[in-house]
Structure formats: structure tokens, C-alpha cells
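# Examination of the molecular architecture
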Amino acid sequence: MSTRRTLAVVVLVPLLAALALWAFAWPAARTAPRDLPLGVAGPATATAQVERQLQQHGGAFEIHRYADEAAARDAIEDRTVYGAVVVTAQGPELLTASAASPVVAQLLQQAVAQQAAAGGAQVKVVDVVAAPASDPRGAALSSSVLPLALAGIIAGAVVTLLGLRGFRAVTALVVTAGLVGVIATALAHSWLGALTGDWWAEAGTLALSSLAVSAAVAGLAALVGPAGIGGVAFLVMFLGNPFSGAATAPQLLPHPVGAIGQWLPPGASATLLRSVSFFDGAAATGPLLTLIWWAALGLGAVVLGNALKGRAGSTAPAAAERELSPVG
């Protein structure tokens, strides 16, 4: 038995290390724009050359056409595109939104500036939705993904290991998530100034982000036992965190990593928090529904697991009594 355990450790640890390296290093090493939504504004005759130049990047950009600068600005504020190239009589103008992703804003500046330099022109850059001055690189927001996920895992694990069941477990999970949201918002918004939206909307977002993970942990554990804690932890930490695109953007990750990440709590949390904090809730529906589904399914599993255990507990004595009763 000891030999088997030793072999299991020798094989399992390197395998987990390789998996972690793949999950974290591979997306980071392959960061590049892939169908990145980008607007082009101006008369069709004037923007044709700009579009051709952008298409030369081999699928890097998904071009959205707009009649003028105002329409392009609206699209950026609605989170339809990350930026836009506006063709004017004075030369090309680049609209960016560093609040959506400082990395993408810098990438667009480099790409458009190189094209303009080749044509002997200079590009005017306008940051339509700028990142907060106290967090210009978005480091605080992207760094919040891991702590929220850890808080959710710990909360779900504690509820499970303490033996809380049914509605007691649900109450503990919801109250804990609410406190996490308030404390996290107090730190990120009130102290660091990294968030600039409605305070309570941000607190609700952070609370829901924590609840989505904690409910999933407790829910799966209620159905399959303590092994459920490790299952959700693995999914959230090894896939959800590196696939979230929080530090860059989902469209900069390899396919289909970016899409998968948005269906997991860390990615949905980062996207929703950006929308709520910087874009007045624009494009918040998708990530909001994702987190609600995770939380609802997890809490439902907590209640279901308690009901199944209660039924099993009530049938066991009855079966034992039948076995012990004399045959008439």
C-alpha cells in the first residue's frame, strides 16, 4: 500500500505541475489579438484604405463600421468595440478605452501608429473611457480575481466541513458573500480608488462573484462529498483564473480559451466589474447571468443534497427495522 501511495505522489505531483504550467503559461505566451472588436468611422471612401490595412493583420481585428466619430464613441461606451479609428480631414484619430483593457489600448496605439507612420501621418489618440488615475494599468482590478475566487473556495469549504446543511448553509454562504463584497469594495473603491462606479453596484458584483464560487463548492460537496471541494477549486483556480482574461482581454487569449473563461466565475466577474465600474453597466447582462446561474445552481445543489441525505437517513432505520422484524 505504501508503495502505491508513493507512486501516486510521484506521478500526480509532476502531472499537476505540468497542468498548472500549461493553464497559466500557454495563454500568456500566446497573447495576441484575435477577432478583437475595432471600429472604423468616417465616409466609406475614406475608410477603405484603413480597413485594408487592418485586415492585413490576419484576423486580428473584427471590423465594425460607423458613420462618424460620435457613433464610434457610443460603441466604445457600450462596450461593443475596444476602440475605433476615425478618419478625419486632419488625419487619422484613434479612440481607445483604457478602462476596458489598458493592454488593448496600448496594442491599438502601436498598431495604428505604425500604419500611420508608414503613410507619413501622425495619429491623435483620445482615451474615451480612461482607467482611473490611481490604477492606470488596471492592476488592482485584475488582481482582485484570485482573492475573490479564494474567498469563495474557502467559504464553501468551511460551510461543508462545519457540517452546515440546507437553508443554514445557504444563509451562511449568502451572508458571507455579502460581507466579502462590502469589504472588497471598501478596499478597491474607497481606499485604493481603483473602481469608480456606483459603490453598491460594485459591492453587489463582488458579492455575487464570491457567492458563485462558494455556492458551487458547497453545492457539489453536498452532492458528492468533500471531493466536490477539490473539483470546483481545480476548475476555478487551474482554468477559471488563467482563462479569465482579466489582465488583458478575452480576445487576446488563444481560441477557445477566452470564450471558456467567460463561462467561469473569474472571467465573468472581471468582465462584469469593468462594466459596472467604468461603463455604467453596459454589456453587463451576459456575465451577470453567468454568475447568477453558478450561484443559483450551487445553492440549489446545497438544498438538494440536504434533502437526499435526509431521505437516505429516514429510509435506513426503516430498512433495518424490516430486517430485524420476525417473519410472520
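Refer to the structure above for everything that follows.
Scope of this entry: the structure provided in the associated data block.

Analysis parameters
- Residues numbered from 1 in each chain as written.
- Predicted model: local features only at pLDDT ≥ 70, side-chain atom pairs only at ≥ 80, totals over all residues.
- Heavy atoms only, no water.
- Core = buried A, V, L, I, M, F, W, Y, C linked by side-chain atoms within 4.5 Å.
- Buried < 20%, exposed > 50% of the residue type's maximum accessible area, 1.4 Å probe, protein only.
- Helix = DSSP H or I, 4+ residues; strand = E, 2+ residues; numbered from the N terminus.
- Contact = heavy atoms within 4.5 Å.
- Expected span 1.5 Å × (residues − 1).
- Patch = residues over 30% accessible without salt bridge, like charges linked within 9 Å, V, L, I, M, F, W, Y side chains within 5 Å.
- Areas by Shrake-Rupley, 256 points an atom, 1.4 Å probe, with all protein chains shown as cover.
- Salt bridge = Lys/Arg side-chain N within 4 Å of Asp/Glu carboxyl O.
- Lys, Arg positive; Asp, Glu negative; His and termini not counted.
- Charge placed at Lys NZ, Arg CZ, Asp CG, Glu CD.
- Axes fitted to C-alpha atoms, helices over the stretch in contact; angles between N-to-C directions.
- Parallel < 35°, antiparallel > 145°, perpendicular 65-115°, else oblique.
- Left-handed = near helix turned anticlockwise from the far one by under 90°.
- Nonpolar A, V, L, I, M, F, W, Y, C, P; charged D, E, K, R; others polar.

The nonpolar side chains of a soluble globular protein tend to be buried, and buried together. Ranked by size, the top nonpolar core spans 43 residues in total, and within it Phe61, Leu95, Leu108 and Phe279 carry the most contacts. Broken down by element, this core gets its largest block of residues, five residues, from helix α4 (residues 102-118). For Phe61, the contacting residues outside a window of four places in its chain are Asp35, Leu36, Leu38, Leu54, Leu107, Leu108 and Ala111. By size, the runner-up hydrophobic cluster in this structure holds 18 residues, among which are Val159, Leu211, Ala295 and Leu299.

Quick look at the environment of Ala113 now. Tracing the chain through its elements places Ala113 in helix α4. Taking the C-alpha atoms as reference points, Ala113 and Leu94, 19 residues apart in sequence, are found 9.0 Å from one another. Residue contacts for Ala113: discarding those within four places in its chain leaves Leu108 and Val123.

Taking 1.5 Å per residue, 17 residues should reach 24 Å; helix α6 (residues 145-161) reaches 24 Å between its end C-alpha atoms and fits that length. Those residues of α6 lying buried are Val145, Leu148, Ala149, Gly152, Ile153, Ala155, Gly156, Ala157 and Val159. On its buried side, α6 packs onto α5 (139-143), α7 (166-191), α8 (199-224), α9 (227-240) and α11 (265-278). Where α6 ends, the next residue or the one after it, Gly163, has phi of about 80°, a positive value.

Before going further, it helps to spend a moment on a negative patch on the surface. Taken together, the side chains of Asp68, Asp74, Glu77, Asp78 and Asp280 make up a negatively charged region of the molecular surface. Structurally, Glu77 can be placed in helix α3 (residues 69-77). Of the residues examined, Glu77 reaches a relative accessible area of 38% and is grouped as partly exposed.

The topology assignment puts Gly286 in helix α12 (residues 285-324). Expressed as a C-alpha distance, the spacing of Gly286 and Leu272, which sit 14 residues apart in the sequence, is 8.3 Å.

Take the packing of α6 against α7 next. Remark: α6 packs on α7, axes separated minimally by 10 Å, with the N-to-C direction vectors making an angle of 155°. With respect to each other, α6 and α7 are oriented roughly antiparallel. The two elements α6 and α7 cross, and the hand of that crossing is right-handed. Packed against α6, whose contacting residues are Leu148, Ala151, Ala155, Gly156 and Val159, the element α7 presents Ala169, Ala172, Leu173, Thr176 and Val180 at the interface. Among the residues making up the contact of α6 with α7, the classes are represented as eight nonpolar, two polar and no charged.

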